[in-house]
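One-letter residues, chain by chain:
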Amino acid sequence: MTCTVTVLGATGSIGRSTADLLDQHRGRFRVGAVAGGRDAAALARVARDLGASFAALADPAGGRDLAQALAGSGIACGAGPAAVIEAATRDADLVVAAVSGAAGLAPTHAAIRLGRTVALANKESLVCAGDAFMRDARRFGARILPMDSEHNALAQAIGEGRVEDITRMTITASGGPFRTAPRERIAAASAAEAAAHPTWSMGMKINIDSATLMNKGLELVEAHHLFAIDAGRLDVVVHPQSIVHGLVTWRDGAVTAGLAMPDMRVPIAHCLGIGERLSIARGRAVDLAATGSLTFERPDEERFPCLRIARAALAAGGAQPTVMNAANEIAVAAFIAGRIGFYDIAALVEGACEGFAARYPAAPADVEEALAIDAEVRRWSEARLAA
Ligand SMILES: NC(=O)c1ccc[n+]([C@@H]2O[C@H](COP(=O)([O-])OP(=O)(O)OC[C@H]3O[C@@H](n4cnc5c(N)ncnc54)[C@H](OP(=O)(O)O)[C@@H]3O)[C@@H](O)[C@H]2O)c1
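The rules behind each value
Residues numbered from 1 in each chain as written. Predicted model: local features only at pLDDT ≥ 70, side-chain atom pairs only at ≥ 80, totals over all residues. Heavy atoms only, no water. Phe/Tyr/Trp six-rings, centres within 6.5 Å; stacked < 30°, edge-to-face > 60°. Buried < 20%, exposed > 50% of the residue type's maximum accessible area, 1.4 Å probe, protein only. Helix = DSSP H or I, 4+ residues; strand = E, 2+ residues; numbered from the N terminus. Lys NZ or Arg CZ within 6 Å of the ring centre and 35° of its normal. Near = heavy atom within 4 Å. Polar contact = N/O pair within 3.5 Å; in protein donor to acceptor, adjacent residues only side chain to side chain. Areas by Shrake-Rupley, 256 points an atom, 1.4 Å probe, with all protein chains shown as cover. Nonpolar A, V, L, I, M, F, W, Y, C, P; charged D, E, K, R; others polar. Pairing = 2+ DSSP bridges. Axes fitted to C-alpha atoms, helices over the stretch in contact; angles between N-to-C directions. Core = buried A, V, L, I, M, F, W, Y, C linked by side-chain atoms within 4.5 Å. Domains from an automatic or database assignment. Contact = heavy atoms within 4.5 Å.

**Structural notes on the packing of aromatic side chains**
With the rule as written, the count across this model stands at five aromatic pairs. Their ring planes at 10° and their centres at 6.2 Å tell us that Phe356 and Tyr360 sit as a pair that is stacked. When its relative accessible area of 4% is taken as the criterion, Phe356 is described as buried. Plain terms: the ring middles of Phe356 and Trp380 are 5.6 Å apart, the flat faces sit at 75° to each other, and that makes the pair edge-to-face. Here Phe356 is found in helix H16 (residues 342-356), whereas its partner Trp380 is found in helix H17 (residues 367-386), with 24 residues between them in sequence. The exposure class assigned to Trp380 is partly exposed, which follows from its relative accessible area of 24%. Three or more aromatic residues link up through ring pairs in this structure, and these residues are Phe178, Phe335, Phe342 and Tyr343. It is Arg183 that lies over the ring of Tyr343; its NZ or CZ is 4.0 Å from the centre.

Encoded structure:
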C-alpha cells in the first residue's frame, strides 16, 4: 500500500533530504501536499519533482509566481498562512513537520488536531507550546515520530523500555564551530563563521543555534515533552564526532545508545518507514574501527551561556521556554543580519526570560495563548534591539 506523505518546509534542508528519500522509494510513497515559506520557484520545483497534488507558500506575495511556475502541471496551489494550513490538513498518512521556527507550530498543530502521524523535525513547536501540543496529540490520537537526530536515537534506544526505569537521558552536541575557541574569538564571530558547522549540513537558523548551543537547550525542552521526562534526568555531553546521538542510562547502570553517521537521512528514513527500515542510497553505516575514537566532554556554559539559559528556562517551566524561543528567533535573525554580536544573542534571550517571568508564570493553556506570548516577546525583543 502506498503511503501518502505531506512535507511542510519542503524546500529546506530537512525537506530536501526527505525529498531525496521519497524519490529513492517512489513506489512506496505518494506525495500529497508540500509547503514552503517564501521561495516560490524552489517550491514549484520540489512539487513537480515529487508529483505533489498541492503546493502552499506561506508568503502571500509569492502566490502569483507559484501559480505561474506550476502552470500546466496539474498541481493545485495557494499562498498565505491559510494555504499552509490547508497543506497540513489535506489527507495524508504521514506529515513531515520541517518548517523552521515557531512558524511551524500552527500548521503542525493543525495536523495534530486531525490525529495524523507527524514526523517532527520542527523542535520549536514543542519549545513554544510543549504542554498544549502534547496534550492535544494525546486528545486527538495523533502519533509523533521524533525526527530530530538525537530524539530519534533516544526513541530507538528506549525501545520497549519504561521511562520510569531511566535514570538519565543524554543528548550529544557536536560542540559547533567554536567548541575549542576562546571567548574573545567567539565574541567577534561573524554569522558566516558561526554557520560553518563541522559535522552537519543544515539550515541557517539551526546552524547559529548549534554555534551558541541554544540548539541543545531547545532539544532538552523537546526531549522533556516527547518522552515525558523531568529536567533533572536530562543531560548534554559534547561529542565532536557526531556519531553517538543519544544515550539512555537505566536503573541497573546499563546504557543503550543510538549511533549513526551524521546524515539526517537516517532519522528521516526511520520516520518515513513507520516501523520498517528503508535503505538509503549513498548512505554510510557507522564503522567504529575506521572512526577510531569517540570522545566526550562536558559543555562549557561560560563560553556558551545559551545552554545555561535554556536549562534554567526548562527548570523554571511556565512560559519561560515560550519566551526563550521567541527572543532567540529574533536574536538569531538580528545576528544573521549583522545587527548584533554573538553574545548579544544570549543577552537578549536572558533579558526576555527575566523580563517576562512574572508576567507569564504559567505554561500557555493552549497553542493560541503560546502564539500570543510568542508575538508579544518578538515585539519586545525588536523594540529592545532598536533602542
Ligand atoms: N537541518 C537539520 O539538519 C535539522 C536537524 C534536526 C532538526 N531540524 C529542525 O528542522 C526544522 C527545519 O530545519 P531546516 O534546517 O530544514 O531549516 P531550513 O533549511 O531553513 O528550511 C526551513 C523550511 O521551512 C520553510 N518555511 C519557512 N517559513 C515557513 C512558513 N511560515 N510556512 C511554511 N514553510 C515555511 C522554508 O521555506 P523558504 O526557504 O521558502 O523560506 C524551508 O522550506 C527546524 O525546526 C530545525 O530545528 C533540522
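**A look at the site of the ligand**
Taken together, 25 residues form the shell around the ligand, and within it Thr11, Gly37, Arg38, Glu124 and Asp148 come nearest. At 3.5 Å, a backbone N or O of Val99 approaches an oxygen atom of the ligand. For the ligand, an oxygen atom lies 3.4 Å from a polar atom in the backbone of Ala121. Protein contacts shield 84% of the accessible area of the ligand, which totals 900 Å² for the unbound molecule. Broken down by secondary-structure element, the contributors of at least two residues to the shell around the ligand are helix H1 (13-24) and helix H6 (123-139). Within the shell around the ligand, the residues separate by chemical class into ten nonpolar, ten polar and five charged.

**Some points on the sheet that holds strand S8 (residues 166-173)**
Pairing is mixed across the open sheet formed by four strands, whose spatial order is S9-S8-S10-S11. At either margin of the open sheet sits one strand with a lone partner, and together these are strand S9 (234-238) and strand S11 (255-259). Each adjacent strand pair in this sheet contributes to an overall mean axis angle of 20°, direction not counted. By the bridge criterion, five bridges tie S8 to S9 in an arrangement that is parallel.

**Quick word on the nonpolar core**
Core analysis: the biggest nonpolar cluster contains 89 residues, and Met169, Phe178, Met324 and Ile345 have the highest contact counts within it. When residues are assigned to domains, this core turns out to be shared by domain 1 (3-147) and domain 2 (148-175 + 215-299), each giving three or more. The residues touching Phe178, leaving out its near neighbours within four places in the chain, are Ile186, Ala189, Glu193, Ala194, Ala211, Arg303, Phe304 and Phe342.

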